[in-house]
Amino acid sequence: MLTPLDGGSPVDFVSACIDLREEVCKTLDVLHEETKQSELTAFIAYATAFPKGFLALVDTYDVLRSGIPNFCTVALALHRLGYKAIGIRLDSGDLAYLSKAVRQYFRKIADRFEVPSMANFTIVASNDINEDTLHSLNQQGHEIDSFGIGTHLVTCQRQPALGCVFKLVEVNKQARIKLSQDMDKVTLPGKKSIYRLYSHEGHALIDLMQRPHEQPPDNERRVLCRHPFEESKRAYVSPGSVQLLQKLYWTKGEIQEYLPSLKEIRERAIQSLATLREDHKRALNPTPYKVAVSADLYQFLHDMWLDNAPIGELS
């Protein structure tokens, strides 16, 4: 028994579903004998317990011959009692094909029973989804509204550990440098300010590191940007706008800046990604985003490098 959303006497919900099943199957060109009774029973029990949160896993037996007919049957019965089902979840099979086929089924039911909202039921997909799966689905085209990503979100399969190290760059206001035969491990000494330079179209061009005493870059003059270690790699940049990236949030035991909420951090990340060119974001062979140093910092780095590097002796 299930009480209608707006009140009134409880309704025999099981009978309401059984009365609808044959017409639903006929609309979808499915024999109701093909649908699994045990699956329908489970859906009815779920919907009775959570009439406002009915989202069903439909691939236990056969998505199109059983799962969707049974889901639509229960969803229609809920609709007639004033409730609105949420949608379905696909957890196996050809997700792109199935999502499109399921959407077509939803549209047929929406037209036949004159319930337009049923055409827009949410389709959720799961099943060990990773970024390669997402790219493939987008290339094929799909009708999926939401992705359930668990394993590959909690543990990155390609890089299960974050290779990140903090390096000392200054002690008592004295710059320090780490030298190594591995160029990637040589640090940039001293305190620095970091700016992002944007094009006049709003695309992020390059990030520039400077020493603190240097004049900040602006859109009134071009600035020389240098590769930290390769002398021939350099370019003048005339930015359309400049953004200071580095801010001091904590000092002497006190918070110095407003701490944004998780939602604000997410929105900022989305906005920041939108400023990158598409070739930086493509999955295959993306163009590396450039990070440069000012001419002053370049000279300071290499002077300190030479001062601290041992001089070999041949005999």
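Before any of the text, the structure's been laid out above.
Quick summary incoming for the structure in this document. Nothing here was measured: the structure is a model prediction, and the numbers come from that model. (Residues numbered from 1 in each chain as written. Predicted model: local features only at pLDDT ≥ 70, side-chain atom pairs only at ≥ 80, totals over all residues. Heavy atoms only, no water.)

What follows covers the overall build of the chain. Within the chain, the regular secondary structure consists of nine helices and 14 strands. Compactness check: the chain gives a C-alpha radius of gyration of 30 Å against a globular reference of 20 Å for 315 residues, more than 25% above the reference. Relative to its 315 residues, the chain shows a buried fraction of 34%. Within the chain, residue pairs in contact and separated by at least 24 positions form 60% of the contacts whose partners lie at least 6 positions apart. Element-wise, carbon and sulfur atoms account for 52% of the exposed surface of the chain, whose accessible area totals about 20,000 Å². Between the centroid of the 37 positive side chains of the chain and the centroid of its 40 negative side chains there is a distance of 5 Å. (Helix = DSSP H or I, 4+ residues; strand = E, 2+ residues; numbered from the N terminus. Rg over C-alpha atoms; globule rule 2.2 N^0.38 Å. Buried < 20%, exposed > 50% of the residue type's maximum accessible area, 1.4 Å probe, protein only. Contact = heavy atoms within 4.5 Å. Areas by Shrake-Rupley, 256 points an atom, 1.4 Å probe, with all protein chains shown as cover. Lys, Arg positive; Asp, Glu negative; His and termini not counted. Charge placed at Lys NZ, Arg CZ, Asp CG, Glu CD.)

We now examine the state of the cysteines. If you walk through the whole model with that rule in mind, you get zero disulfides. With no disulfide partner, C25 has as its closest neighbouring cysteine sulfur the one in C72, 9.6 Å distant. Owing to a relative accessible area of 1%, C25 belongs among the buried residues under this scheme. (Disulfide = S-S within 2.5 Å.)

To continue, consider the nonpolar core. Counting residues in each nonpolar core, the largest one holds 49 residues, and the members touching the most others are F13, I68, F71 and V74. When residues of this core are traced back to their parent elements, those giving at least two are α1 (13–27), α2 (37–49), α3 (63–80), β2 (87–90), α4 (95–112) and β3 (122–125). Ignoring sequence-local partners within four residues, the contact set of F71 consists of F43, F54, A56, V58, A85, G87, I88, F106 and F121. (Core = buried A, V, L, I, M, F, W, Y, C linked by side-chain atoms within 4.5 Å.)

Before going further, it helps to spend a moment on the packing of α3 against α4. Running from N to C, α3 and α4 cross one another at 40 degrees; their axes reach a closest spacing of 11 Å. Judged by the angle between their axes, α3 and α4 are oblique. As α3 runs across α4, the sense of the crossing is right-handed. In this structure, α3 uses V63, L64, I68, F71, C72 and L76 to contact α4, whose residues at the interface are Y97, L98, A101, V102, Y105, F106 and I109. Looking at the contact of α3 with α4 residue by residue, the class counts come to 13 nonpolar, no polar and no charged. (Axes fitted to C-alpha atoms, helices over the stretch in contact; angles between N-to-C directions. Parallel < 35°, antiparallel > 145°, perpendicular 65-115°, else oblique. Left-handed = near helix turned anticlockwise from the far one by under 90°. Nonpolar A, V, L, I, M, F, W, Y, C, P; charged D, E, K, R; others polar.)

A few words now on the packing of aromatic side chains. In total, this model carries eight aromatic pairs according to the counting rule given. Ring centres 6.0 Å apart and planes at 70 degrees place the aromatic pair F43 and F54 in the edge-to-face group. Taken together, the residues span a long stretch of sequence, with F43 in helix α2 and F54 in the loop between α2 and β1 (55–57) at a distance of 11 residues. A single burial state applies to F43 and to F54, both of which are buried. Their ring planes at 75 degrees and their centres at 5.5 Å tell us that Y46 and F54 sit as a pair that is edge-to-face. An aromatic cluster is present here, built from F43, Y46, F50, F54, F71, F106 and F121 joined pairwise through their rings. Sitting over the face of the ring of F300, R211 holds its NZ or CZ atom 3.8 Å from the ring centroid. Directly above the aromatic system of Y236 lies the positively charged group of R222, at a separation of 3.7 Å from the ring centroid. (Phe/Tyr/Trp six-rings, centres within 6.5 Å; stacked < 30°, edge-to-face > 60°. Lys NZ or Arg CZ within 6 Å of the ring centre and 35° of its normal.)

To continue, consider unusual backbone geometry. Glycine aside, negative phi is the norm for most residues, and most peptide bonds take the trans geometry. For N172, which is not glycine, the phi dihedral falls at a positive 50 degrees. Classification of N172 as exposed rests on a relative accessible area of 71%. The phi angle at K252 is positive, at roughly 50 degrees, despite the residue not being glycine. Topologically, K252 is positioned in the loop between β12 (250–251) and β13 (254–255). On the basis of relative accessibility, which here comes to 83%, the residue K252 falls in the exposed class.

Here we have four strands laid out as an open sheet, ordered β1-β2-β3-β4, and parallel in their pairing. Looking at the sheet topology across the chains shown, the edges are occupied by β1 and β4 (146–147). One ladder, built from two bridges, connects β3 with β4; its direction is parallel. Residue pairing in the sheet places V124 in a bridge with S146 of β4. (Pairing = 2+ DSSP bridges.)

Looking now at the pairing of strand β7 (residues 193–198). For β7, the buried fraction is high: five of the six residues fall into the buried class. Sheet topology note: the β7/strand β8 (residues 204–210) ladder contains six bridges and is antiparallel. Paired with L197 across the two strands is I206, which belongs to β8. Connecting β7 to the next strand, β8, in antiparallel fashion are five residues, including G202 with a positive phi near 95 degrees.

Distances and angles like these do not, on their own, reveal function.
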